[in-house]
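A closer look at the structure
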Amino acid sequence: LCSSSAAAFNQIIERDRDAQMKRTQQRPLVQGDLTVKQATTAATLWGVTGTSLLAVGTDPVTATLGLSNIGLYAGLYTYMEPRSIYNTWVGAVVGAIPPVMGWTAATGGSLLDLDAIILGSTLYLWQMPHFFALSYMYREDYQRGGFCMVSTTTTNTTTNNTTEDWELAGQQTADLVLRYTWYLSTLPLLATLTNVTSSMFALEGLVWNAYALHVAHKFRQERTKAHARKVFLTSLVYLPSLLMLFLLHSKTWDVLLEEEDEEKNKDD
């Protein structure tokens, strides 16, 4: 509900820009299927309901994170999209918060728990190759909509980028895809070294990261939309696979089992 609220407010604010882009021209506000008033009512209702459910059903930290994420996405991130390429880095924070919310809600733990930090870092770093690849695939569209992306170099829709401009933007995008894929590949090892997971997570993570790095390297060598799409599609499989491995190899299970055994022994 909080995510729906944030996305709806974003579409309300960006409806004119969305109308300029082929990939967003079918959105309800652009098509006139909803009025701005209807969309605002829905977005507000979702935000209030989502935050209230979190407050009642979890804890103040999780509820605050949910509410803050609506503001961060619909506020700062949306404001920065047509103004600064660093909107991607801010948007990645928005994506990193939900798994941390899951951790705090399920365990009552701290934001500074290593598990929470690794989960949040995984989502943060993963979004970089994921979104940079997407923005490269649709960079003419983003240019037309006036969004400021690394892959476009300019937000002025009346200015035609030169071939050199597009080449430089493409190179910078591919470099970022590869760099953040390298950063992402270190997390299974860090999770093992910090005793958050068993060594199997580092071992199995090597397989996924080796393929992700291979795909990213191919995109850097040959900057085509086909290679960018492969990076994007790989990221869609990579994330749930890595998170499932994290879950399977998490040592949190061992702690929970020990606590259960202690409770049983007390009862006996």
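Residues numbered from 1 in each chain as written. Predicted model: local features only at pLDDT ≥ 70, side-chain atom pairs only at ≥ 80, totals over all residues. Heavy atoms only, no water.

Further remarks concern the overall build of the protein. The secondary structure content of the protein amounts to 13 helices and zero strands. Of the regular secondary structure in the protein, the N- to C-terminal order runs α-α-α-α-α-α-α-α-α-α-α-α-α. Dimensions along the principal axes, computed over C-alpha positions, put the protein at roughly 75 × 50 × 25 Å. Pairs at least 24 apart in sequence give 66% of the contacts found in the protein among residues at least 6 apart. As displayed, the protein offers around 14200 Å² of accessible surface, 60% of which is attributable to carbon and sulfur atoms. Across the protein, 19 positive and 25 negative side-chain charges occur, with their mean positions spaced 14 Å apart. (Helix = DSSP H or I, 4+ residues; strand = E, 2+ residues; numbered from the N terminus. Contact = heavy atoms within 4.5 Å. Areas by Shrake-Rupley, 256 points an atom, 1.4 Å probe, with all protein chains shown as cover. Lys, Arg positive; Asp, Glu negative; His and termini not counted. Charge placed at Lys NZ, Arg CZ, Asp CG, Glu CD.)

Our focus in this paragraph is the pattern of salt bridges. By the definition in use, this model includes five salt bridges. The closest approach of N and O atoms between E140 and K225, which form a salt bridge, is 2.9 Å. Taken as a pair, E140 in helix α8 (residues 139-145) and K225 in helix α12 (residues 225-249) lie far apart in primary sequence, 85 residues in all. Note on E140: relative accessible area 35%, which makes it partly exposed. A residue is classified by how much of its surface remains accessible, and K225, at 40% relative accessible area, is partly exposed. (Salt bridge = Lys/Arg side-chain N within 4 Å of Asp/Glu carboxyl O. Buried < 20%, exposed > 50% of the residue type's maximum accessible area, 1.4 Å probe, protein only.)

By size, the foremost hydrophobic cluster in this structure holds 54 residues, and its most contacted members are W89, F132, Y142 and F219. Breaking this core down by element, the ones donating at least two residues are α1 (2-13), α5 (60-80), α6 (87-107), α7 (114-137), α9 (163-185), α10 (187-193), α11 (199-221) and α12. In this structure, A8, L29, A39 and A43 belong to the second largest nonpolar core, which totals five residues. (Core = buried A, V, L, I, M, F, W, Y, C linked by side-chain atoms within 4.5 Å.)

Inspection of the entire model under this criterion finds eight aromatic pairs. Relative to F147, the ring of Y142 lies with its centre 6.0 Å away and its plane at 90 degrees, an arrangement referred to as edge-to-face. For Y142, a relative accessible area of 4% translates into the label buried. Centre to centre, the rings of F201 and F246 are 5.7 Å apart; their planes meet at 80 degrees, and the pair counts as edge-to-face. Note that F201 is positioned in helix α11 and F246 in helix α12, a separation of 45 residues in sequence. (Phe/Tyr/Trp six-rings, centres within 6.5 Å; stacked < 30°, edge-to-face > 60°.)

Take the side chain of D59 next. Mapped onto the secondary structure, D59 falls in the loop between α4 (36-57) and α5. Reaching out from D59, the side chain makes a polar contact with the backbone nitrogen of T62 at a distance of 2.9 Å. Apart from the residues lying within four places of it in its own chain, the contact partners of D59 are L54, T104 and A105. (Polar contact = N/O pair within 3.5 Å; in protein donor to acceptor, adjacent residues only side chain to side chain.)

Here the focus is the confidence of the model for the protein. For the protein, the average pLDDT comes to 91, and 91% of its residues sit at 70 or higher. Ranking the elements of the protein by mean pLDDT puts helix α13 (residues 252-267) last, at 68, and α4 first, at 97. (pLDDT = per-residue confidence, 0-100.)

A separate point is the environment of G146. Along the chain, the position of G146 falls in the loop between α8 and α9. Of the residues examined, G146 reaches a relative accessible area of 3% and is grouped as buried. Measuring from C-alpha to C-alpha, the distance between G146 and Q20 comes to 8.6 Å, with 126 residues separating the pair along the chain.

In the Ramachandran plot, N195 falls in the positive-phi region, its phi being about 70 degrees despite a non-glycine side chain. Mapped onto the secondary structure, N195 falls in the loop between α10 and α11. Exposure remark for N195: the relative accessible area of 48% places this residue in the partly exposed category.

Turning our attention to the packing of α9 against α11. Packed helices, taken two at a time, are described by their axes: the angle between them and the distance between them. Axis separation between α9 and α11 bottoms out at 8 Å; the angle between their running directions is 165 degrees. Relative to α11, α9 is oriented roughly antiparallel. In the packing of α9 onto α11, the handedness of the crossing is left-handed. Counting all contacts with α9, which are made through A174, D175, V177, L178, T181, W182, L184 and S185, the residues of α11 involved are N209, A212, L213, A216, H217, F219 and R220. Taken together, the residues of the contact of α9 with α11 sort by class into nine nonpolar, four polar and two charged. (Axes fitted to C-alpha atoms, helices over the stretch in contact; angles between N-to-C directions. Parallel < 35°, antiparallel > 145°, perpendicular 65-115°, else oblique. Left-handed = near helix turned anticlockwise from the far one by under 90°. Nonpolar A, V, L, I, M, F, W, Y, C, P; charged D, E, K, R; others polar.)

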